[in-house]
Amino acid sequence: MAQTSYVEVPSPKQLILAEQIVRNKTETDKSGEAVFKGMVYEALRLLGTDAEDIVVLDDTDIPSVIEIGKLVKVTLKKMVRQVIVDCQQIKVLLGLATEGSTSEVLLHAAHESVPLPRAKKGVGLEFILHVGLEAPEKRQLFKHYLNLPVYPDMCPTHIVWFNKTLIYSRAVSKMVTIQSRVETDRQHGNKAVAQLLMDAVDPRPFSFMEYNSRQGDVILSLALKYPNSTFVSLHRREEEAKHLYKTLKKYQVNNTVVNVLTPDQTFTSKLMQSPEFLHYQYIDGLELVEMIQTMKRADFNLMIGQILASGITTFIQVPSGQILSLAFTTFFPGAETGEPLPPLRQLDTKVHFQSRRHPFPVFQNAETKLIGESARADVNISVSARLLTPYTDPGAVVEPWKLLRVDVTNLTVSVNHHFDYQLDGHQRKYALHCISPSPAQYEVYLIREIDGFKIPYGSVEAISLIALLRMGLLSEIKGTFYEKFLKLPYYEDMAPWNIVFRHGQLEYIDYDTKDYTFNKMVPAAYQVMAMLMNYERTVHDFGHCNEHASNEYNFPYISHCVASNYDGPCKDSRYPVPCGDHTCKSTYIECLQALSELENNKTQVRKQAIADMKRLGFVQRVTDKAPYESGVWSFDVNGPDDPNKPKDIPKTTKLPFWMYRQK
């Protein structure tokens with residue numbers, strides 16, 4: 001079974017003692033090692049096999065009170081045995097030949113000897129299944145099986161566990177190395193996916209996110225093809241993320257961001273409940289199977305539904321019905337028919353593993369059923385789906401997957417202010433709408449809950465900076481983004497949820513404030529604050545500085561001195577100060593000016609009213625000239641008095657005309 005084997009045997013002392021007991025002898029002329037070496041040589045001779053060496057391993061470093069056994073290393077020099085190489089029960093000779101320090105394993109059939117590349121490197125799946133597997137190991141092998149290309153004959157004898165994966169390697173093939181098969185299959189599959197996606201997407205600028213990009217072959221191909229679009233690559237493993245980042249730098253690709261994040265149901269929930277909305281999304285087959293195997297069914301269903309509700313179009317690489325049918329036939333005989341079947345060794349293997357017989361009826365249309373029966377989400381959504389099949393030459397190897405395209409036709413979902421909004425305390429709500437009567441036509445917009453205001457997305461081709469930062473943005477890219485941020489014009493609300501990444505650049509998008517910049521004003525910020533502070537001091541000295549009013553962000557010196565019974569709200573950033581005249585002003589200074597003008601207007605109104613009353617005769621008091629108007633007067637407890645005026649002449653008051661008695 002192997003060129004080198006390790007055999008545990010009784011210790012020489014134990015072997016000699018046993019021989020003495022059995023033969024009733026007290027002495028022996030053989031050493032224990034000679035006895036069991038002779039036994040090994042004799043066993044190999046009976047099989048027509050020669051041993052190159054038999055070594056008893058030294059166990060002096062292993063403490064033991066009683067020497068119980070020895071470990072013997074047996075290395076074969078040559079060996080020939082008959083083997084079955086496929087499910088058609090074809091038999092050939094397997095030979096081991098050693099020349100000097102090199103050895104080679106050959107298959108001898110039809111007067112021809114060919115090397116066996118898989119020998120001493122992998123283990124056949126048929127052998128593994130016969131030995132028996134625990135459930136976790138069987139699930140792992142099942143997952144890898146779903147990634148195998150589909151050959152005409154999928155007999156387990158042709159499938160080998162090698163380098164942590166399953167590969168197809170026929171014993172009688174002329175493949176040079178087993179490693180070449182692994183790399184060839186991976187590259188071929190990724191190219192097929194990338195080509196299907198290129199044929200399916202709209203060439204106009206778009207946003208695209210891949211859930212767990214692994215080596216990043218697919219997203220790199222798309223990013224190179226569409227430089228004016230925006231790509232987001234998620235990776236479970238940091239080393240894979242950094243590998244893709246280095247490749248992007250090598251090809252000078254700047255329209256792709258790389259994030260280290262485990263896509264799970266918590267993440268998809270945050271994504272769906274945020275205003276982030278992708279044009280395209282992609283989940284590869286390995287990621288899908290990983291989700292199925294590691295998640296609870298309810299969580300998986302919810303996650304799939306949330307993903308579909310987070311973009312206009314989602315591509316899911318699903319295992320084909322054919323590979324599913326073959327996989328269940330191999331690992332769970334009977335599941336493909338719904339009826340129990342005998343163990344694998346008792347199956348009619350000549351026909352059961354012929355790929356042309358698959359899928360069995362239970363797996364017909366399995367690709368769409370898998371997603372259609374799973375998706376759940378707390379949204380109002382309508383979708384359409386169709387399968388995209390990779391092109392295959394007639395008679396060639398078939399890919400084990402199909403690409404399920406799911407398009408949103410109508411969607412309404414309640415979203416929050418930004419991604420992971422709870423961290424910032426924002427409570428503003430929106431309704432996100434997507435209407436897409438055809439793949440080439442769509443409208444995406446928000447309706448602001450507080451006032452019903454409509455915010456259109458236009459072209460869906462960007463993702464916010466706050467989302468990328470909270471999705472594990474690679475530190476190298478974060479540094480680049482910081483440099484880009486410092487070069488942006490100065491806008492009013494440059495919080496990270498108002499900045500997006502769009503095909504290589506950062507852009508400001510706040511709908512209410514994007515038309516105004518403050519590049520000329522910002523250099524005067526210190527002077528403006530100094531002016532407001534000093535102005536307040538003088539107002540205070542005049543005795544007109546009351547308590548301070550508030551503003552939305554409680555900025556100092558903006559709403560000082562003007563507290564009143566009017567609290568707003570003053571939500572317009574141009575007029576943030578609640579003023580006592582029940583309006584919102586730009587600063588406390590404007591408010592003070594308005595209040596002063598209002599007071600002056602009240603005085604003028606009072607004076608005008610008195611003048612009008614006098615003019616109409618309602619107030620008509622006639623008195624002598626005031627005593628102090630002469631420049632000389634006296635006064636007592638009753639006030640001023642004219643010293644020149646006779647004391648016995650009283651003041652007279654002329655009454656209003658209607659009070660005189662008519663004669």
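Reading the values: rules and limits
- Residues numbered from 1 in each chain as written.
- Predicted model: local features only at pLDDT ≥ 70, side-chain atom pairs only at ≥ 80, totals over all residues.
- Heavy atoms only, no water.
- Pairing = 2+ DSSP bridges.
- Helix = DSSP H or I, 4+ residues; strand = E, 2+ residues; numbered from the N terminus.
- Salt bridge = Lys/Arg side-chain N within 4 Å of Asp/Glu carboxyl O.
- Core = buried A, V, L, I, M, F, W, Y, C linked by side-chain atoms within 4.5 Å.
- Buried < 20%, exposed > 50% of the residue type's maximum accessible area, 1.4 Å probe, protein only.
- Contact = heavy atoms within 4.5 Å.
- Polar contact = N/O pair within 3.5 Å; in protein donor to acceptor, adjacent residues only side chain to side chain.
- Phe/Tyr/Trp six-rings, centres within 6.5 Å; stacked < 30°, edge-to-face > 60°.
- Patch = residues over 30% accessible without salt bridge, like charges linked within 9 Å, V, L, I, M, F, W, Y side chains within 5 Å.
- Areas by Shrake-Rupley, 256 points an atom, 1.4 Å probe, with all protein chains shown as cover.

Caption draft 1: Looking closely at the pairing of strand β18 (residues 441–448). Examined bridge by bridge, strand β17 (residues 429–438) and β18 share seven bridges and lie antiparallel to one another. Along β18, the bridge assignment pairs H433 with Y445. Between β17 and β18, which pair antiparallel one after the other, the connecting turn spans two residues. One ladder, built from three bridges, connects β18 with strand β19 (residues 454–456); its direction is antiparallel. Bridge pairing in β19 links I447 to K454. Counting the residues between successive antiparallel strands, the hairpin from β18 to β19 contains five residues, one of them, G452, with a positive phi of roughly 70 degrees.

Caption draft 2: Examining the pattern of salt bridges more closely. Tallying each qualifying case throughout the model produces 18 salt bridges. The residue D420 makes a salt bridge to K270 at a minimum N-O spacing of 3.3 Å. One end of the pair, D420, is in the loop between β16 (401–416) and β17; the other, K270, is in helix α8 (residues 265–272), with 150 residues separating them in the sequence. Among the ionic contacts, a cluster of salt bridges with common partners joins R214, R236, D284 and E287.

Caption draft 3: Just the nonpolar core, in detail. Residues L197, F208, M209, F267, F315, M471 and F481 are the most contacted members of the largest nonpolar core, which totals 68 residues. Looking at this core, the element that brings in the most residues is helix α5 (residues 178–200), giving seven residues. The residues contacting M209, other than those within four sequence positions of it, are V232, L234, F267, L271, L278, Y280, Q281, Y282 and M471.

Caption draft 4: Here's a closer look at the side chain of K585. If you trace the backbone, K585 turns up in strand β24 (residues 584–585). Only 3.3 Å separates the side chain of K585 from the side chain of T583, close enough to count as a polar contact. When residues no more than four places from it in sequence are discounted, the contact partners of K585 are Y575, P576, V577, C579, E590, C591 and A594.

Caption draft 5: Seen up close, the packing of aromatic side chains. Scanning the model with the defined rule gives 19 aromatic pairs in all. Both rings, one in F142 and one in F331, keep their centres 5.8 Å apart while their planes meet at 70 degrees; by these two values the pair is edge-to-face. Here the residue F142 occupies a position in helix α4 (residues 135–145), and F331 occupies one in helix α11 (residues 321–331), the gap between them amounting to 189 residues. Plain terms: the ring middles of F142 and F332 are 5.8 Å apart, the flat faces sit at 55 degrees to each other, and that makes the pair tilted. Of the two residues, F142 is situated in helix α4 and F332 in the loop between α11 and α12 (349–352); the sequence distance between them amounts to 190 residues. Given the relative accessible area of 10%, F142 is considered buried. In this structure F332 comes out as partly exposed when scored by relative accessible area, which is 34%. Here a set of aromatic residues connected by ring pairs shows up, and it is made of F142, Y145, F328, F331, F332 and F363.

Caption draft 6: Structural view of the sheet that holds strand β20 (residues 463–464). Pairing in this open sheet of three strands is antiparallel, and the strands run β20-β21-β22 from one edge to the other. Edge positions in the sheet fall to β20 and β22 (505–508), since each has one partner strand and no second.

Caption draft 7: Inspection of unusual backbone geometry at higher detail. In this structure, P359 follows H358 across a cis peptide bond, with omega equal to 10 degrees. For P359, the position within the fold is in the loop between α12 and α13 (366–372). With an omega of 10 degrees, the peptide bond running from G568 to P569 counts as cis. Relative to the helices and strands, P569 is located in the loop between α16 (525–541) and β23 (577–578). For D420, which is not a glycine, the phi torsion comes out positive at approximately 55 degrees. For C561, which is not glycine, the phi dihedral falls at a positive 70 degrees. Secondary-structure assignment places C561 in the loop between α16 and β23. Look at C561 and you get buried, because its relative accessible area is 1%.

Caption draft 8: Representation of a nonpolar patch on the surface. Where nonpolar side chains cluster on the molecular surface, the patch consists of M1, V123, F127 and V131 and spans about 440 Å² of accessible area. On the secondary structure map, M1 appears in the segment before β1 (4–10). With relative accessibility at 77%, the residue M1 sits in the exposed group.

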